[in-house]
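# Residue-level structure breakdown
Here are the chains, one letter per residue:
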Amino acid sequence: MQALTLPRFGGPDAFTLSDLEVPSPGSGEVLVRVHATSINPLDYQVRRGDYADLVPLPAITGHDVSGVVEAVGSGVSAFKPGDAVWYTPEIFGGPGSYAEYHVASEAIVGHKPAGLTHLEAASLSLVGGTVWEALISRAGLRVGESILIQGAAGGVGHIAVQVAKATGAFVIATASDYNADFVRSIGADVVIDYRAEDYVTAVNRETAGAGVDVVLDTIGGDTLEKSPHVLAQLGRIVSIVDITTPQNLVEAWGRNASYHFVFTRQNRGKLDELSTLVQRGLLKPHHGATYPLAGIPDAHALLETPRNGLRGKIGIAVAQED
Ligand SMILES: NC(=O)c1ccc[n+]([C@@H]2O[C@H](COP(=O)([O-])OP(=O)(O)OC[C@H]3O[C@@H](n4cnc5c(N)ncnc54)[C@H](OP(=O)(O)O)[C@@H]3O)[C@@H](O)[C@H]2O)c1
């Protein structure tokens, strides 16, 4: 099979297209013919060596799979050859999805939502699982609450806007000016151009000083640190980025804030919940660009470029769509 391997950490040119043996499924595992994958910031963080201790080289990275089951190992009960499936491979737990075949434990694999193409499903698995864990499992977002979603045009943000809207929340979103119409079109009630106006001022104006019940932070640094300044009493802040600088939490104390730190975990349950939203027409992933397997280095370079104009995800077509 063809796979894009990483023999050393470095820039996008560190990848090599290799011919490898097709892996075999063990007990409780499925072998999947990968039709599509997608690019996440985690992929370029892994590529440049940010998590070198967790990634033995040579590596196959990639964190989204949509494809078709080719074979199953002993004891597999939920899947058979020919089933269309989607999932996020175990993060830091073995080979990733930049390859024509992938093996995974059936416990983390879901039946692909029928209404999505493989490219769309591969653009949803990791970011959708993250949003589910952040907004539903951890923040417990409820009907009628309000939420601020940072980076709303991005891979995570554009799914968060739709999931928040589906729960009946009032959605305030931040995005660059060129993404405002897109973010409004997927359900944001208010869009703040974070480059033109301080988001704290804007949220406090839009909520008449009441603040929001939940903040989803996808940015970190100063953006995360200012979050309590837009929070209602007893509000919740969810951060999905690693925090490398000390944060001043005085305002969080004054508002009785709760913090949740999310590093997405893999399981079939949340894939099935996301499928339900897709089937009900409440959730649709968007890919702003598509590349073939061999084009992944260019896709990395694009995602790493600030103000790249992208909306949603970059999809990777590994096999022809069926
Ligand atoms: N913990 C986890 O499990 C987990 C899972 C997934 C992702 N993540 C992390 O979450 C972050 C976002 O991931 P992603 O896939 O959404 O990335 P992405 O697709 O690159 O999107 C990032 C978005 O951030 C916006 N942005 C940049 N600076 C901003 C600022 N100061 N304020 C508001 N928005 C800003 C950009 O929007 P404009 O172009 O509109 O400016 C862009 O759309 C990454 O650091 C990633 O590693 C963590």
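Residues numbered from 1 in each chain as written. Predicted model: local features only at pLDDT ≥ 70, side-chain atom pairs only at ≥ 80, totals over all residues. Heavy atoms only, no water.

The cut-off we apply is this: UniProt positions are given in the numbering used here, feature names are shortened, and annotations may be inferred rather than shown by experiment.
In the nomenclature of an unreviewed UniProt entry, the protein chain corresponds to NADPH:quinone reductase from the organism Roseivivax sediminis. In its Subcellular location (unreviewed entry) section, the UniProt entry covering the protein chain states "Cytoplasm".

## Regarding the pairing of strand β5 (residues 84-87)
Basically, it comes down to this: Two strands are counted as paired when DSSP detects at least two bridges linking them. Strands here mean DSSP runs of E at least two residues long; helices mean DSSP runs of H or I at least four residues long; both are numbered from the N terminus.
Direction of pairing for strand β4 (residues 65-72) relative to β5: antiparallel, over a ladder of four bridges. Bridging from a neighbouring strand, Ser66 pairs with Trp86 of β5. In this structure, β5 lies alongside strand β7 (residues 110-111), joined through two bridges in antiparallel fashion. Residue pairing for β7: Val85 is matched across the bridge by His111.

## Section: the nonpolar core
The line we're drawing: Side-chain atoms within 4.5 Å link the members of a nonpolar core, which is a set of buried Ala, Val, Leu, Ile, Met, Phe, Trp, Tyr and Cys residues. Partly exposed describes any residue whose relative accessible area lies between the buried limit of under 20% and the exposed limit of over 50%, with all areas from a 1.4 Å probe on protein chains only and scaled to the type maximum. Residue ranges labeled as domains rest on an automatic or database domain assignment.
Grouped together as the largest cluster of nonpolar side chains are 80 residues, with contacts concentrated most on Tyr87, Leu135, Ile147, Ile149 and Val183. Shared between two domains, this core takes at least three residues from each, and those domains are domain 1 (2-124 + 285-317) and domain 2 (129-261). Listed in part, the 14 residues of the second largest apolar core include Ile172, Ala202, Val203 and Leu224.

## Side note on the sheet that holds strand β8 (residues 146-149)
As a reminder of what qualifies: Inter-axis angles, ranging from 0 to 180 degrees, are taken between N-to-C directions of lines fitted to C-alpha atoms, where helices are fitted over the stretch in contact. Every residue pair with non-hydrogen atoms within 4.5 Å of one another is taken to be in contact.
Strands sit in the order β10-β9-β8-β11-β12-β13 across an open sheet of six strands; the sheet is parallel. Edge strands, defined here as strands with exactly one partner in the open sheet, are β10 (190-193) and β13 (258-261). Between one strand and the next, the sheet's axes are offset by a mean angle of 15°, whatever the strand orientation. Here strand β12 (residues 231-239) runs beside β13; their pairing, made up of four bridges, is parallel. Paired with Val238 across the two strands is His260, which belongs to β13. Across the sheet, helix α4 (residues 155-166) is in contact with β8, β9 (170-175) and β11 (212-217); its angle to β8 comes to roughly 170°.

## Thoughts on the site of the ligand
For clarity, the threshold we go by: Near, as used in this document, describes a residue that has one of its heavy atoms within 4 Å of the molecule or strand being considered. Polar contact is the term for a pair of N or O atoms within 3.5 Å; when the atoms are in protein, one must be able to donate a hydrogen and the other to accept it, and sequence-neighboring residues count only if both atoms are side-chain atoms. Each accessible area value is a Shrake-Rupley result obtained with a 1.4 Å probe; residue values ignore everything except the protein chains displayed when judging cover.
Neighbouring the ligand are 25 residues; Ser176, Tyr194, Ile240, Val262 and Thr264 lie closest to it. Taking Tyr178, its side chain carries an N or O atom lying 3.1 Å from an oxygen atom of the ligand. A distance of 2.7 Å is found between a nitrogen atom of the ligand and a backbone nitrogen or oxygen belonging to Val262. A total of 940 Å² of accessible area belongs to the ligand in isolation, and the protein chains cover 82% of it.

## Quick notes on the packing of aromatic side chains
The test is simple: Aromatic rings from Phe, Tyr and Trp, taking only the six-membered ring of Trp, are treated as a pair when their centres fall within 6.5 Å; an angle between ring planes under 30 degrees marks them as stacked, one over 60 as edge-to-face, and anything in between as tilted. Think of it as a cone above the ring: NZ of Lys or CZ of Arg counts as a charge over the ring if it is within 6 Å of the ring centre and within 35 degrees of the ring normal.
Using the criterion set out here, one finds four aromatic pairs in the structure. Their ring planes at 10° and their centres at 6.2 Å tell us that Phe92 and Phe263 sit as a pair that is stacked. Of the two residues, Phe92 sits in the loop between β5 and β6 (101-105) while Phe263 sits in the loop between β13 and α9 (268-279), which places them 171 residues apart along the sequence. Where Tyr259 meets Phe261, the ring centres are 6.0 Å apart and the plane angle is 25°; that geometry is what we call stacked. By relative accessible area, which is 45% here, Phe261 ends up partly exposed. Taken together through their ring pairs, the aromatic side chains of Tyr51, Phe92 and Phe263 make up a single cluster. Stacked on the ring of Tyr101, the Lys or Arg Arg33 has its end atom at 5.4 Å from the ring centre.

## Focus: α4
Defined as follows: Each helix should span, by expectation, one fewer than its residue count multiplied by 1.5 Å.
Between its first and last C-alpha, α4 extends 18 Å over 12 residues, near the 16 Å set by a 1.5 Å rise per residue. Within α4, 10 of the 12 residues are buried, leaving the element largely enclosed by the surrounding structure. Within α4, burial applies to Gly155, Val156, Gly157, His158, Ile159, Ala160, Val161, Gln162, Val163 and Ala164.

## Points about the domain arrangement of the protein chain
We apply this condition: The term buried area refers to how much accessible surface (probe radius 1.4 Å) is lost by two components on association, counted for both of them together. Take a side-chain nitrogen of Lys or Arg and a carboxyl oxygen of Asp or Glu: if they are within 4 Å of each other, that pair is a salt bridge. Residues are sorted three ways: Asp, Glu, Lys and Arg are charged, Ala, Val, Leu, Ile, Met, Phe, Trp, Tyr, Cys and Pro are nonpolar, and all the rest, Gly among them, are polar.
Examined at the domain level, the protein chain breaks down into domain 1 (2-124 + 285-317) and domain 2 (129-261). Taking only C-alpha atoms into account, the centre of domain 1 sits 28 Å from that of domain 2. Contacts between the two partners involve 11 residues from domain 1 and, on the opposite side, 13 residues from domain 2. A per-residue breakdown of the area domain 1 buries against domain 2 is headed by Arg307, Arg311 and Gly312, which together make up 54% of the total. In this assembly, domain 1 and domain 2 are joined by zero salt bridges. Here domain 1 is connected to domain 2 by six residue pairs in polar contact (both at pLDDT 80 or more). Partitioned by chemical class, the residues of the side of domain 1 that touches domain 2 number four nonpolar, four polar and three charged.

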